[in-house]
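Below, each chain spelled out in residue letters.
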Amino acid sequence: MKLSIITVNRNNVDGLRKTIESVVSQTFTDFEYIIIDGASTDGSVEVIKEYAKATLPNGEGLGERLYWVSEPDTGIYNAMNKGILKAKGEYLQFLNSGDWLTNNDVLKYVFDLRRNEDVLYGDEFLFYNINKIVRKVYPQKLTFYDLFVGSISHEGSFYKKYLFDKLYDETLKIASDWEFEIREIILANRSTYKIPKEIIYFDMTGISQSIEHQDIQLEERNIVLEKFIPERIMLDYYQIQKHKEITHYSLYPYVEIFAKHPRLQQIVRRFMKLLLFTVRKKNS
């Protein structure tokens, strides 16, 4: 089996239906599908049973390659680890409930590339609502700084199964997938390939995007950094980040205005030269 798609769900029946529908519609069919449901009570189990009878585009039934379970778990990473332990594919994709593949041919496109890197990752669309969909583009080459200030699309990535000899750290509630990326991609220096295509729509309306979860994520990221990266290295990165944030948040709102008004650019440049001249004269 080339691919194991793992979907984790708990009481998100509408999101689950959207996710499963995008999987069963794929023209690429060399996959197994693993759904780990956290004892949902909202009709999610009935949706899984409904799609277990679905027919794939090649005429095979989904039920022949579907494994699912509905039982209590201790959190999202406990559920994802359950999926990993059942997976038989060469690559794993974690397409969680509420997120969906961009079109029916996207998996065919990915695996027709015939890449063999440890990690294949693509771009994504951030779905806020039907009127606000933002394309998110990731770097061609991944560095530690790329992950320090962000991450790659975990749902839009494909990971070799053997990378999970060590499972997700279940003591982390939000940032264990990020810890995995730091540990396995950067520190273990795994091979990567950037897929030149958007892979998924990521649902930005979910609970994972709440302020509370973002605060927990920041706290857990600091735990991960302290665990893996020496303090003397991190001090440099904190300084870089601080400078970038000041530059970004102070100037970004005006960049577009400057670009449209060359005369304004001249005025600002002359003002900055005058200011610099004044400061140098004062210090001389």
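Preceding block: the structure.
Residues numbered from 1 in each chain as written. Predicted model: local features only at pLDDT ≥ 70, side-chain atom pairs only at ≥ 80, totals over all residues. Heavy atoms only, no water.

1. Brief notes about the side chain of Ser44
- Relative to the assigned elements, Ser44 resides in helix 2 (residues 44–51).
- Residue class for Ser44 comes out buried when judged on its relative accessible area of 0%.
- Aside from chain neighbours lying at most four places away, what touches Ser44 is Asn9, Asn11, Asn12, Val13, Leu16 and Asp37. (Helix = DSSP H or I, 4+ residues; strand = E, 2+ residues; numbered from the N terminus. Buried < 20%, exposed > 50% of the residue type's maximum accessible area, 1.4 Å probe, protein only. Contact = heavy atoms within 4.5 Å.)

2. Describing the nonpolar core
- The biggest cluster of nonpolar side chains holds 36 residues, and the ones touching the most others in it are Phe94, Phe144, Ile152, Tyr159, Phe164 and Tyr168.
- When contributions to this core are tallied by element, the ones reaching two or more residues are strand 1 (3–9), strand 2 (31–37), helix 3 (76–86), strand 4 (91–94), strand 6 (119–129), helix 5 (144–149), helix 6 (176–187) and helix 7 (211–228).
- Here this core gets five residues from one element, more than from any other, and that element is helix 6. (Core = buried A, V, L, I, M, F, W, Y, C linked by side-chain atoms within 4.5 Å.)

3. Structural notes on the pattern of salt bridges
- Per the stated rule, a full pass over the model turns up 14 salt bridges.
- A salt bridge links Lys160 to Glu90, with the shortest nitrogen-to-oxygen separation between them at 3.7 Å. With Lys160 in strand 8 (residues 157–160) and Glu90 in the loop between helix 3 and strand 4, this residue pair connects regions lying 70 residues apart in the sequence.
- With a relative accessible area of 6%, Lys160 lands in the buried category.
- Here Glu90 falls in the partly exposed class, since its relative accessible area comes to 29%.
- For Asp112, the salt bridge is made with Lys108, and the minimal N-O distance between the two is 2.7 Å. Of this pair, Asp112 and Lys108 both sit in helix 4 (residues 106–112), four residues apart, roughly one helical turn.
- A relative accessible area of 45% means that Asp112 is categorised as partly exposed.
- Judged by relative accessible area, which is 38%, Lys108 ranks as partly exposed.
- In this structure, a network of salt bridges that share partners links the residues Glu179, Arg183, Glu184, Arg190 and Lys227. (Salt bridge = Lys/Arg side-chain N within 4 Å of Asp/Glu carboxyl O.)

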